Amino acid sequence: MGKVGREIWTFCKAQLTAQIATLIDFAVTIVLAECAGLWYVWSSFLGALTGGLTNCTMNYRWVFDTMGLKRTNVLGKYLFVWTGSIVLNTLGTYALTELSQHYFIFPKIVVAVCVAVLWNYMLQRNFVYKETHLREKLRIEI
């Protein structure tokens, strides 16, 4: 498989894990907001937290080549990206819900898709797992 094929395969795996994490995020959010009566902003925050844990674990074990990377280094970088993701998802959902006056799930979907592609994937690929891509480039060029 060439470089482009590997990039596409990595992107597809990342999107699959993101979708699984998103399902968990939304399930937790809806259960907490609708069944437990928790304010939708807190529910959204806790949903993003559980989804992020799921995504980190799956990405480390399956999506990115982490051989040779220290878990603590990856975890530290992931926490930085994840913190930004939680803030963007929580504040974005709140702002879009309040501005649009729609039921909070619809704004949450819009925000989640934007954050997933523009923030999470790009930073995980180019920052959290950067060493992996440098090793792959060296293998290809040699």
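A quick note: this is a predicted structure, and the numbers were derived from the prediction, not measured.

Notes on the side chain of Ser85
Tracing the backbone through its elements, the reader meets Ser85 in helix H3 (residues 71-100). What makes Ser85 buried here is its relative accessible area of 7%. Residues in contact with Ser85, not counting those within four places in the same chain, are Val115, Trp119 and Asn120.

Some details on a nonpolar patch on the surface
On the surface, Tyr103, Phe106, Ile109, Val113, Val117 and Leu118 cluster together into a nonpolar patch covering about 590 Å² of accessible area. Position of Leu118 among the secondary structure elements: in helix H4 (residues 105-128). With relative accessibility at 66%, the residue Leu118 sits in the exposed group.

Thoughts on the nonpolar core
Grouped together as the largest cluster of nonpolar side chains are 15 residues, with contacts concentrated most on Phe64, Val74, Tyr78, Val128 and Tyr129. Of all the secondary structure elements, the ones that give two or more residues to this core are helix H2 (40-63), H3 and H4. Broken down by element, this core gets its largest block of residues, five residues, from H3. Filtering out sequence-adjacent residues up to four positions away, Val74 remains in contact with Tyr60, Leu69, Val128 and Tyr129. Grouped together as the second largest cluster of nonpolar side chains are seven residues, Phe26, Tyr40, Ile105 and Ala112 included.

Focus: the packing of H2 against H3
Contact pair H2 / H3: the axes reach a minimum separation of 9 Å and the direction vectors enclose 150°. Taken together, the axes of H2 and H3 are roughly antiparallel relative to one another. Handedness of the H2/H3 crossing: right-handed. On H3, the residues that touch Tyr40, Val41, Ser44, Phe45, Ala48, Leu49, Gly52, Leu53, Asn55, Cys56 and Tyr60 of H2 are Arg71, Val74, Tyr78, Trp82, Ile86, Asn89, Thr90, Thr93, Tyr94, Thr97 and Glu98. For the contact of H2 with H3, the per-class residue count stands at 13 nonpolar, seven polar and two charged.

Side note on helix H1 (residues 3-35)
The end-to-end C-alpha distance of H1 is 47 Å, a good match for the 48 Å that 33 residues give at a rise of 1.5 Å each. Regarding H1, the residues found buried are Glu7, Thr10, Lys13, Ala14, Gln15, Thr17, Ala18, Ala21, Asp25, Phe26, Thr29 and Ala33. Gly37 lies just past H1 and shows a positive phi near 75°.

Points about the pattern of salt bridges
The full count for this structure, using the stated rule, is two salt bridges. Across the pair Arg125 and Glu7 runs a salt bridge, and its minimum N-O distance is 2.8 Å. Here Arg125 is found in helix H4, whereas its partner Glu7 is found in helix H1, with 118 residues between them in sequence.

Notes on the packing of H1 against H4
Interaxial distance between H1 and H4 falls to 11 Å at its minimum, and their mutual angle equals 145°. The hand of the H1/H4 crossing is right-handed. When H1 is examined against H4, the residues Glu7, Thr10, Phe11, Ala14, Gln15, Asp25, Phe26, Thr29 and Ile30 are found in contact with a partner set consisting of Ile105, Lys108, Ile109, Ala112, Tyr121 and Arg125. For the contact of H1 with H4, the per-class residue count stands at eight nonpolar, three polar and four charged.

The rules behind the values
Residues numbered from 1 in each chain as written. Predicted model: local features only at pLDDT ≥ 70, side-chain atom pairs only at ≥ 80, totals over all residues. Heavy atoms only, no water. Helix = DSSP H or I, 4+ residues; strand = E, 2+ residues; numbered from the N terminus. Buried < 20%, exposed > 50% of the residue type's maximum accessible area, 1.4 Å probe, protein only. Contact = heavy atoms within 4.5 Å. Patch = residues over 30% accessible without salt bridge, like charges linked within 9 Å, V, L, I, M, F, W, Y side chains within 5 Å. Areas by Shrake-Rupley, 256 points an atom, 1.4 Å probe, with all protein chains shown as cover. Salt bridge = Lys/Arg side-chain N within 4 Å of Asp/Glu carboxyl O. Core = buried A, V, L, I, M, F, W, Y, C linked by side-chain atoms within 4.5 Å. Axes fitted to C-alpha atoms, helices over the stretch in contact; angles between N-to-C directions. Parallel < 35°, antiparallel > 145°, perpendicular 65-115°, else oblique. Left-handed = near helix turned anticlockwise from the far one by under 90°. Nonpolar A, V, L, I, M, F, W, Y, C, P; charged D, E, K, R; others polar. Expected span 1.5 Å × (residues − 1).

All we've got here are geometric facts, nothing functional implied.
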